[in-house]
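# Architecture at a glance
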Amino acid sequence: MNKPEQQPPEIADFYWMLQMLQTVDVGLVILERDYRIKLWNGFMENHSGITNKHLIDKEIFSVFPNLPRTWIERKVESVFKLGSPAYSTWEQRPHLFPFKSYRPLTGHSERMYQNITFMPLLDPSRKVSQVCLLVYDVTESVTNKLQLEDANIQLEKLSRTDRLTGLNNRGFWEECLQQEFRRSKRASELGKVESSLIIFDIDHFKPVNDTHGHLAGDQVIKAVAQCLKETARDTDFAGRYGGEEFVLLLPDTGVEGAFEVAERLRTKIQSLVVQHEDLELSVTVSLGICDFTTDLDSFNLWLERADQALYHSKHQGRNQSSVWSKELES
Ligand SMILES: Nc1nc2c(ncn2[C@@H]2O[C@H](COP(=O)(O)OP(=O)(O)OP(=O)(O)O)[C@@H](O)[C@H]2O)c(=O)[nH]1
């Protein structure tokens, strides 16, 4: 009987190590001092579609001309020079090798996210003779992280948005008002500040609900909100303050400008025709305006004064705009 051929222990070790390098779920690329490829393991073969034997001894930039050469050279040269590893995370560079992402869970991400380590490999005299690039596929954890961030952004947006109208809700809008109040207070110490507030309310809204139902009322609220969105500038802050009460904060706008905006809003809403089933509904609004003045000691007082002006409009017959003045103080 033939005895199985015995191999010297070093050769056997070499084989199992080679198999491990080939099958490990991390990309391994070994580069010589002159950037020739010495190893391109199974992971790299599978994801690039190019086998080790086509790449071996070829200069990496000649086979992958789209690689960021200057960046790689900077990393590799530092490893040769200092003898210590260098790193790159997906946050700095999402990928080095543009491999497709195949993971079913993360199907929406087109490319594999990669963390890269550049490892020095030492020869027997302890000199760095080669550099090994370890390519980690971090797509799954990155995608989870990005999805979580997306969800948080959506949640934050939802938490400050009014469901029915899509306007800023009362809580978030009040935060904006507080901030604008603080900004105006600070700026007023240095010079003149202009900033105004409009609050308005749909006239006789209760009968709309009572006669035509809540859904009809909701349609009217949505249409008024749309007018408000169309009238406000990008730098203004529009919000739904309560049921049929709306607010508009106008930074860098004096009382004359705010009055003009209020009147534009009022006439626009007056000419609205809201379609609900076979009904055509029209409404008007009453508005109150108050500009920032240095005697205001809180944002609440600013709001209160605008509200006093709004009630003046109501008492004067509705469908009109009023500017706050001392005489309106109750
Ligand atoms: N459809 C609908 N109605 C709402 C909503 N929020 C508040 N309301 C209604 O709005 C009405 C407000 O009525 P009032 O405060 O009496 O005011 P008004 O009838 O507009 O009278 P004036 O403001 O004095 O002109 C109430 O009937 C509320 O039920 C909402 O989201 N949808």
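For the chain, the name recorded in an unreviewed UniProt entry is diguanylate cyclase, with Marinospirillum insulare as its organism.

### Considerations on the sheet that holds strand β7 (residues 237-240)
Read across the sheet, 5 strands follow the order β7-β8-β6-β11-β12 without closing on themselves; strand pairing throughout is mixed. The outermost strands of the open sheet, each flanked by one partner alone, are β7 and β12 (321-323). Neighbour-to-neighbour, the strand axes of this sheet turn through a mean angle of 15°, independent of strand direction. In this structure, strand β6 (residues 195-202) lies alongside strand β8 (residues 245-251), joined through 7 bridges in antiparallel fashion. Residue pairing in the sheet places I199 in a bridge with V247 of β8.

### Overview of helix α6 (residues 139-159)
Between its terminal C-alpha atoms α6 stretches 30 Å, which fits the 30 Å expected from 21 residues at 1.5 Å a residue. With 2 of 21 residues buried, α6 lies mostly on the surface of the structure.

### Quick word on the packing of helix α8 (residues 205-212) against helix α9 (residues 214-231)
The contact between α8 and α9 brings their axes to 6 Å, and the two run at 140°. Considering the angle they form, α8 stands oblique to α9. Across the interface between the two elements, F205, V208, N209 and H212 from α8 touch H214, A216, G217 and V220 from α9. Broken down by class, the residue content of the contact of α8 with α9 amounts to 4 nonpolar, 4 polar and no charged.

### Observations concerning the nonpolar core
Counting 42 residues, the largest nonpolar core has I198, V224, I289 and A306 as the members making the most contacts within it. Of all the elements in the fold, those that place two or more residues in this core are α7 (170-188), β6, α9, β7, β8, α10 (255-270), β11 (285-291) and α11 (299-315). Element by element, the count of residues in this core is highest for α11, at 6 residues. Discounting residues that sit within four places of it in the chain, A306 has contacts with L197, I198, I199, G288, I289, C290 and W324. Grouped together as the second largest cluster of nonpolar side chains are 17 residues, L55, I72, V76 and V79 included.

### Some details on the site of the ligand
In the vicinity of the ligand lie 16 residues, with D203, F205, K206, G217 and G243 positioned nearest. Secondary structure elements with two or more residues in the shell around the ligand: β6, α8 and α9. Class assignment of the residues belonging to the shell around the ligand gives a composition of 4 nonpolar, 5 polar and 7 charged.

### What to know about the pairing of β6
Every other side chain in a regular strand lies on the same face of the sheet, so the side chains alternate between the two faces. Burial runs high along β6: 8 of the 8 residues are buried. Residues S195, L197, I199 and D201 of β6 are buried on one face, and the alternating residues S196, I198, F200 and I202, pointing to the opposite face, are buried as well. Pairing of β6 with β11, which is carried by 7 bridges, proceeds in the antiparallel orientation. Within the sheet, the bridge partner assigned to F200 lies in β11 and is L287.

About the thresholds
- Residues numbered from 1 in each chain as written.
- Predicted model: local features only at pLDDT ≥ 70, side-chain atom pairs only at ≥ 80, totals over all residues.
- Pairing = 2+ DSSP bridges.
- Helix = DSSP H or I, 4+ residues; strand = E, 2+ residues; numbered from the N terminus.
- Axes fitted to C-alpha atoms, helices over the stretch in contact; angles between N-to-C directions.
- Expected span 1.5 Å × (residues − 1).
- Buried ≥ 20, exposed ≤ 12 C-beta atoms within 10 Å, placed from the backbone.
- Parallel < 35°, antiparallel > 145°, perpendicular 65-115°, else oblique.
- Contact = placed C-beta atoms within 7 Å.
- Nonpolar A, V, L, I, M, F, W, Y, C, P; charged D, E, K, R; others polar.
- Core = buried A, V, L, I, M, F, W, Y, C linked by C-beta atoms within 7 Å.
- Near = placed C-beta within 6 Å.

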